[in-house]
Amino acid sequence: MGDTKLYRIGELAKLAGVSPRTIDYYTSMGLLEPSERSAKNYRLYHDETLVRLKRIEQMKNEKYTLDEIKEALNGWSKVTPEEQVSQKLTDLQHHLSQLEREVKELEPVIKQLKPRQANRLYTRLMPQTAACIEALMLLINKGPFM
């Protein structure tokens, strides 16, 4: 095997911040696959499994179902890195289009606000949110929010 690190379930669970039962469940679903078995018949997982496990948990936090995650992970394993980047850029373009539509929906409401109301609204936003709104407004050529 060379210098590839192999983990037992407990070690992998601890590193990923999940329970060993979660790893068992993901393995039974086909989301994870042990690399080999130890002499004592323990399932051993490669360190790439840790990356995959963290990605699964990230997608779960993003509200994907386990079936959607499995489908996505299976699709990624069949795709070249260039195709992955291209797909990600396409996804980002779709997200940007959605955000543009939402900003356009808000535009009439924002225009009706009095300067004081707009300023109050603006000061309640987190700085990152305000910066994002400003960037979107500039992207769709509408000028600054304030």
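Residues numbered from 1 in each chain as written. Predicted model: local features only at pLDDT ≥ 70, side-chain atom pairs only at ≥ 80, totals over all residues. Heavy atoms only, no water.

Student: Quick question: what am I supposed to make of the pattern of salt bridges here?
Tutor: Any two side chains of opposite charge can pair, on the condition that their charged atoms come close. One pass over the full model with this rule turns up 2 salt bridges. Across the pair R43 and D24 runs a salt bridge, and its minimum N-O distance is 2.5 Å. With R43 in strand β3 (residues 43-46) and D24 in helix α2 (residues 20-29), the pair connects residues that are 19 residues apart, well separated along the chain. On the basis of relative accessibility, which here comes to 21%, the residue R43 falls in the partly exposed class. In this structure, E57 engages K60 in a salt bridge whose closest nitrogen and oxygen atoms are separated by 3.8 Å. Of this pair, E57 and K60 both sit in helix α3 (residues 47-61), 3 residues apart, which is roughly one turn of that helix. Here E57 falls in the buried class, since its relative accessible area comes to 18%. Residue classification places K60 among the partly exposed positions, given a relative accessible area of 35%. (Salt bridge = Lys/Arg side-chain N within 4 Å of Asp/Glu carboxyl O. Helix = DSSP H or I, 4+ residues; strand = E, 2+ residues; numbered from the N terminus. Buried < 20%, exposed > 50% of the residue type's maximum accessible area, 1.4 Å probe, protein only.)

Student: How should α3 be read in this particular structure?
Tutor: Residues spaced three or four apart along an α-helix point in a common direction, a consequence of the helix completing one turn every 3.6 residues. Across its 15 residues, α3 extends 22 Å between first and last C-alpha, which sits within 8% of the 21 Å expected from 1.5 Å per residue. For α3, the full list of buried residues reads T49, L50, L53, I56, E57 and M59. Of the residues flanking the end of α3, it is K63, one or two places downstream, whose phi is positive at about 75°. (Expected span 1.5 Å × (residues − 1).)

Student: Help me understand the packing of helix α5 (residues 81-112) against helix α7 (residues 127-139), please; the structure alone is not making it clear to me.
Tutor: The geometry of a pair of packed helices is captured by two quantities: the angle between their axes and the separation between those axes. For the pair α5 and α7, interaxial distance at closest approach is 10 Å and the crossing angle is 90°. On the basis of their axis angle, the class for α5 and α7 is roughly perpendicular. Between α5 and α7, the residues in contact are L96, L99 and V103 and L136, M137 and L139, respectively. Each residue belonging to the contact of α5 with α7 can be placed in one class, and the counts come to 6 nonpolar, no polar and no charged. (Axes fitted to C-alpha atoms, helices over the stretch in contact; angles between N-to-C directions. Parallel < 35°, antiparallel > 145°, perpendicular 65-115°, else oblique. Contact = heavy atoms within 4.5 Å. Nonpolar A, V, L, I, M, F, W, Y, C, P; charged D, E, K, R; others polar.)

Student: Even after reading the chapter, I still don't get the pairing of β3, so can you show me in this structure?
Tutor: The two faces of the sheet receive side chains in turn, since in a regular strand these alternate between them. Taken together, the 2 bridges between strand β1 (residues 6-7) and β3 define a ladder with antiparallel strand orientation. Of the residues in β3, the one forming a bridge with Y7 is Y45. Here strand β2 (residues 36-37) runs beside β3; their pairing, made up of 2 bridges, is antiparallel. Bridged to R37 within β3 is R43. Where β2 hands over to β3, the hairpin turn is made up of 5 residues, of which N41 adopts a positive phi near 70°. (Pairing = 2+ DSSP bridges.)

Function cannot be read off these values alone, since they describe shape.
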